[in-house]
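# Structural description and commentary
In case you want the letters, here they are:
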Amino acid sequence: QVQLVESGGGLVQAGGSLRLSCSISGRTFSSYAMGWFRQAPGQEREFVGRFSWNNGITYYAAAVKGRFTISRNYFKNTVYLQMNGLKPEDTAVYYCAAASSWSSTFDYWGQGTQVTVSS
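All of the points below concern the structure found in this document. (Residues numbered from 1 in each chain as written. Predicted model: local features only at pLDDT ≥ 70, side-chain atom pairs only at ≥ 80, totals over all residues. Heavy atoms only, no water.)

## Comments concerning the nonpolar core
Stated formally: Residues enter a nonpolar core if they are buried and are Ala, Val, Leu, Ile, Met, Phe, Trp, Tyr or Cys, with the set joined through side-chain atoms within 4.5 Å. Between buried and exposed lies partly exposed: a residue is buried under 20% and exposed over 50% of the maximum accessible area for its type, with that area taken using a 1.4 Å probe on protein chains only. For helices the rule is a DSSP run of H or I covering at least 4 residues; for strands it is a run of E covering at least 2, with both sets numbered from the N terminus onward. The contact definition used throughout considers only heavy atoms, calling two residues in contact when any of these lie within 4.5 Å.
Grouped together as the largest cluster of nonpolar side chains are 30 residues, with contacts concentrated most on Leu 4, Ile 24, Met 34, Trp 36, Leu 81, Met 83 and Tyr 94. Taken together, the elements giving at least two residues each to this core come down to β1 (2-7), β3 (18-26), β4 (33-39), β5 (46-52), β7 (68-73), β8 (78-83), β9 (92-99) and β11 (113-118). Look past the residues within four positions of Leu 4 in its chain and what remains in contact with it is Cys 22, Ser 23, Ile 24, Met 34, Cys 96, Ala 97, Ala 98, Tyr 108, Trp 109, Gly 110 and Gln 111.

## Quick word on a nonpolar patch on the surface
Our working definition: Patch criteria: residues need more than 30% relative accessible area and no salt bridge. Like-charged residues are merged within 9 Å; nonpolar side chains of Val, Leu, Ile, Met, Phe, Trp and Tyr are merged within 5 Å. Reported accessibility uses the Shrake-Rupley method at a 1.4 Å probe radius. Residues are deemed covered only where the shown protein chains occlude them. The rule for a salt bridge is simple: a side-chain nitrogen of Lys or Arg has to be within 4 Å of a carboxyl oxygen of Asp or Glu.
Taken together, the side chains of Ile 57, Tyr 59 and Trp 102 make up a nonpolar region of the molecular surface, amounting to roughly 320 Å² of accessible area. Positionally, Ile 57 belongs in the loop between β5 and β6 (58-60). Classification of Ile 57 by relative accessible area gives partly exposed; the value is 45%.

## With respect to the pairing of β11
The criterion, for reference: The criterion for strand pairing is that DSSP finds at least two bridges linking the strands in question.
Side chains Thr 113, Val 115 and Val 117 of β11 all project onto a buried face; the interleaved residues Gln 114, Thr 116 and Ser 118 project onto a face where none is buried. In the sheet, β9 pairs with β11 via 3 bridges, with the strands oriented antiparallel. Counted as the bridge partner of Tyr 94 is Thr 113 from β11.

## A look at the state of the cysteines
Definition in use: The definition used for a disulfide is geometric: two cysteine sulfur atoms within 2.5 Å.
This structure, assessed with the given rule, holds 1 disulfide. Here Cys 22 connects covalently by a disulfide to Cys 96, the sulfurs 2.0 Å from one another. Disulfide Cys 22-Cys 96: torsion about the S-S bond near 55 degrees, hence right-handed. With a gap of 74 residues between them, Cys 22 in strand β3 and Cys 96 in strand β9 connect regions that are remote in the sequence. For Cys 96, a relative accessible area of 0% puts it in the buried group.

So, in structure tokens, the structure goes:
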């Protein structure tokens, strides 16, 4: 099993920044992919970005590209989501997820962390 724990959410004004963290423990895969998703009230879960653990390749949703950046700390087994230029529409619960490879489905999920952007 893989355990994921998000942290770093909070309240920020529009235009501000936040960095979310996702701490990874348990079983790991040499080529797994990490993903960030979000879910706003009354809406379906939305893909934010994907990160390849072994080569650092990233892919972002159009809504966040250029504003959000996924990175990792290899030694801390932690993935980050740096969010800049936040907008009220970015308000959501943010989840990190893990897949056994870049093309696999995300089978492991964290509990989520709330991000609220005020206008």
